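Chain residues, written in single-letter form:
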Amino acid sequence: MKNHWFTFFGGTILVKVEGKGVERFINQLTRSSLIVWNVKRHGSSAITFYIRLQDMHKLRHHVRKFDCKISFLSGQGAPFLWKRTLKNAGFFAGFFLFFVVITLLSNIVWGINIKGASPQMEHQIRKELDHLGVHVGKLQFFIDDVETIQRKLEDRIPNITWVGVDLNGTTYHFQVVEKNIPEQPEKQSPQNLVANKKAVIVDMFVENGQPVVKVNQYVKKGQLLVSGTIGNEHNEKKVAAIGKVIGKTWYKVDVNMPFQSEFQVYTGNEKRKYSLKIGSVSIPLWGFGKIEYKDYDKETESHKIKFLKWSLPIKYENTTIRENEKVERNYTKNEAINAAKEIALSDLKAKIPSDAKIIDEYVLHQKVENGKVDLSIYFQVTENIAKAKPIIQGDAE
């Protein structure tokens, strides 16, 4: 029988025929289009051979016409394998349940270990971990990956410099480096205060040192503002000049704003799909059906499935499909100008110190052409322009 796959799925039976005229019986089966193979003689009155399971009833019909006795020795193929499996269903079900339970237990968080943190910091970290869903008893499938946990902890807890996150088996290990606020040095080296940019002085707050400029005076970049040399030529002393020199500075920002622009936004509609990925094959678990959104973004999170200490070649995937749409924004001339001013102001705030103040603005240039408005805006800002410069022996002031 050449096609073993068909015989396997259909099932085969090993038959033994005993009696007189067994050869004539085999010939009759062949003439009746019954397929037999592996025919073997056993002694002078017995023959064994294989037939298909579906031909068993035809075989019994033919044997009534001969003085022979048939017996079925064994069955092979999928039907008999399935029958034996059902007999051992309890064993297989128990083994499968054991595998599932062990796999689930292997993917549950059983420990959280934090090193390098003070008791107060450890308590704060554990509270943030609870908010992130990282706690004992939680399935790892529903927890962010270690890089995301690390980033969120560093963003939410300002008093840590760095936190290392490692998942070892069923335990999360956190290595924490806390911020050490440096103590103010008791004594600073002698230094001057010089201008870090050109400005007009509007105010001064000098704690130590000798001011050499006055309010309303124009200064250039690098010009001496507060000297660290005090006293007279007979009793000269060098100290660390400390203070703030508030100056009026100027910034020019160029920006253009089109009257018409197109961008994408999320509509708020989303769909989730859950699946098991074995190698390159993905098996859907939930979230069936086609994606009905015309435009969408897809984000997939993968979690490895573990069995005891081993990572299985199986992943649990959570895919989020978010619908987006293109939105066209149209500005009038005045609206485009106001939007350009807001962008310019935002760009300026990113450049200047946080304690600086914007006191005025002037539009130097405004041009409307090719469906957009071009603006050049001049901003006046007050900020601390003093920069420390160490006094080196022999420097001339």
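Quick caveat, the model's predicted, so the values are computed rather than measured. (Residues numbered from 1 in each chain as written. Predicted model: local features only at pLDDT ≥ 70, side-chain atom pairs only at ≥ 80, totals over all residues. Heavy atoms only, no water.)

**Q** Looking at this structure, how should I read the overall build of the protein?
**A** On a plain count of helices and strands, the protein comes out with eight helices and 22 strands. Against the compact-globule benchmark of 21 Å for 397 residues, the protein has a radius of gyration of 43 Å, which places it well outside the compact range. Within the protein, the proportion of its 397 residues that are buried is 32%. Accessible area of the protein: about 26100 Å², with a carbon and sulfur share of 52%. For the protein, the distance from the average site of its 58 positive side-chain charges to the average site of its 43 negative ones is 16 Å. (Helix = DSSP H or I, 4+ residues; strand = E, 2+ residues; numbered from the N terminus. Rg over C-alpha atoms; globule rule 2.2 N^0.38 Å. Buried < 20%, exposed > 50% of the residue type's maximum accessible area, 1.4 Å probe, protein only. Areas by Shrake-Rupley, 256 points an atom, 1.4 Å probe, with all protein chains shown as cover. Lys, Arg positive; Asp, Glu negative; His and termini not counted. Charge placed at Lys NZ, Arg CZ, Asp CG, Glu CD.)

**Q** Looking at this structure, I do not really get the sheet that holds strand E12 (residues 224-227). What am I missing?
**A** Paired through their backbone hydrogen bonds, the strands of a sheet run either parallel or antiparallel. Spatially, four strands are ordered E10-E12-E8-E22 in an open sheet, and the strand pairing comes out antiparallel. Looking at the sheet topology across the chains shown, the edges are occupied by strand E10 (210-211) and strand E22 (386-390). Two elements, strand E8 (residues 191-195) and E22, share five bridges in a ladder whose sense is antiparallel. From the neighbouring strand, Ala 195 faces E22, where its bridge partner is Ala 386. (Pairing = 2+ DSSP bridges.)

**Q** Which parts of the structure should I look at to understand the side chain of Thr 320?
**A** Tracing the sequence through the fold places Thr 320 in strand E19 (residues 310-330). Take Thr 320: its relative accessible area is 6%, and that puts it in the buried class. Within the local environment of Thr 320, its side chain forms a polar contact with the side chain of Arg 272, the two groups lying 3.0 Å apart. For Thr 320, the contacting residues outside a window of four places in its chain are Glu 270, Lys 271, Arg 272, Asp 297, Lys 298 and Glu 299. (Polar contact = N/O pair within 3.5 Å; in protein donor to acceptor, adjacent residues only side chain to side chain. Contact = heavy atoms within 4.5 Å.)

**Q** Would you take a moment to explain unusual backbone geometry for this structure?
**A** Excluding glycine, residues mostly carry a negative phi; peptide bonds, for their part, are mostly trans. With phi around 55°, Asn 38 is a residue other than glycine that occupies positive phi space. With respect to the helices and strands, the residue Asn 38 is situated in strand E2 (residues 36-41). Its identity as a non-glycine residue notwithstanding, Asn 370 has a phi of 55°, on the positive side. You can see Asn 370 is positioned in the loop between strand E20 (357-369) and strand E21 (372-384). Judged by relative accessible area, which is 72%, Asn 370 ranks as exposed.

**Q** I would appreciate a short explanation of the nonpolar core in the present structure.
**A** Grouped burial of nonpolar side chains is what soluble globular proteins tend to show. Counting residues in each nonpolar core, the largest one holds 19 residues, and the members touching the most others are Leu 129, Ile 149 and Phe 174. Looking at this core, the elements that each hand over two or more residues are strand E5 (111-115), helix H6 (119-131), helix H7 (146-156), strand E6 (160-168) and strand E7 (171-178). If near-sequence neighbours (up to four positions away) are discounted, Leu 129 is found in contact with Ile 112, Ile 114, Val 134, Ile 149, Leu 153 and Phe 174. (Core = buried A, V, L, I, M, F, W, Y, C linked by side-chain atoms within 4.5 Å.)

**Q** Even after reading the chapter, I still don't get the packing of helix H2 (residues 22-31) against helix H3 (residues 56-63), so can you show me in this structure?
**A** The axes of two packed helices give the description: the angle between them and the distance between them. Contact pair H2 / H3: the axes reach a minimum separation of 11 Å and the direction vectors enclose 130°. The angle between the axes of H2 and H3 places the two elements in the oblique class. Handedness of the H2/H3 crossing: right-handed. Along its contact with H2, which presents Phe 25, Gln 28 and Leu 29, the element H3 presents Leu 59, His 62 and Val 63. Its residues assigned to classes, the contact of H2 with H3 comprises four nonpolar, two polar and no charged. (Axes fitted to C-alpha atoms, helices over the stretch in contact; angles between N-to-C directions. Parallel < 35°, antiparallel > 145°, perpendicular 65-115°, else oblique. Left-handed = near helix turned anticlockwise from the far one by under 90°. Nonpolar A, V, L, I, M, F, W, Y, C, P; charged D, E, K, R; others polar.)

**Q** Explain the sheet that holds strand E18 (residues 296-307) here, please?
**A** Ordered by their spatial adjacency, four strands build an open sheet running E17-E16-E19-E18, and the pairing between neighbours is antiparallel. At either margin of the open sheet sits one strand with a lone partner, and together these are strand E17 (281-286) and E18. Strand-to-strand, the axes of this sheet are offset by a mean angle of 40°, without reference to chain direction. The pairing of strand E16 (residues 260-278) with E19 spans 16 bridges and is antiparallel. Looking at the pairing, Lys 273 lines up with Thr 319 of E19. Contacts between helix H5 (residues 89-106) and the sheet are confined to E18 and E19, with E18 contributing the most and set at about 110° to the helix.

**Q** Explain the pattern of salt bridges to me, please; I cannot follow it from the model alone.
**A** Should their charged atoms come close, side chains of opposite charge can pair. Following the criterion strictly, the structure yields eleven salt bridges and no others. The shortest N-O distance in the salt bridge between Glu 23 and Arg 41 comes to 1.9 Å. One end of the pair, Glu 23, is in helix H2; the other, Arg 41, is in strand E2, with 18 residues separating them in the sequence. The exposure class of Arg 41 is partly exposed, given its relative accessible area of 42%. Close ionic contact of Arg 322 with Glu 299 constitutes a salt bridge, the shortest N to O distance being 2.9 Å. Placement of the pair is Arg 322 in strand E19 and Glu 299 in strand E18, with a sequence separation of 23 residues. Among the ionic contacts, a cluster of salt bridges with common partners joins Glu 270, Arg 272, Glu 299 and Arg 322. (Salt bridge = Lys/Arg side-chain N within 4 Å of Asp/Glu carboxyl O.)

**Q** Would you mind showing me how to read the packing of H6 against H7 here?
**A** At their nearest, the axes of H6 and H7 sit 11 Å apart, and the two run at 125° to each other. Classed by the angle they form, the pair H6 and H7 counts as oblique. Helix-helix and strand crossings are classified by hand; for H6 and H7 the assignment is right-handed. Where H6 approaches H7, its residues Glu 128, Leu 129 and His 131 are matched on the opposing element by Ile 149, Leu 153 and Arg 156. Residues belonging to the contact of H6 with H7 are distributed by class as follows: three nonpolar, one polar and two charged.

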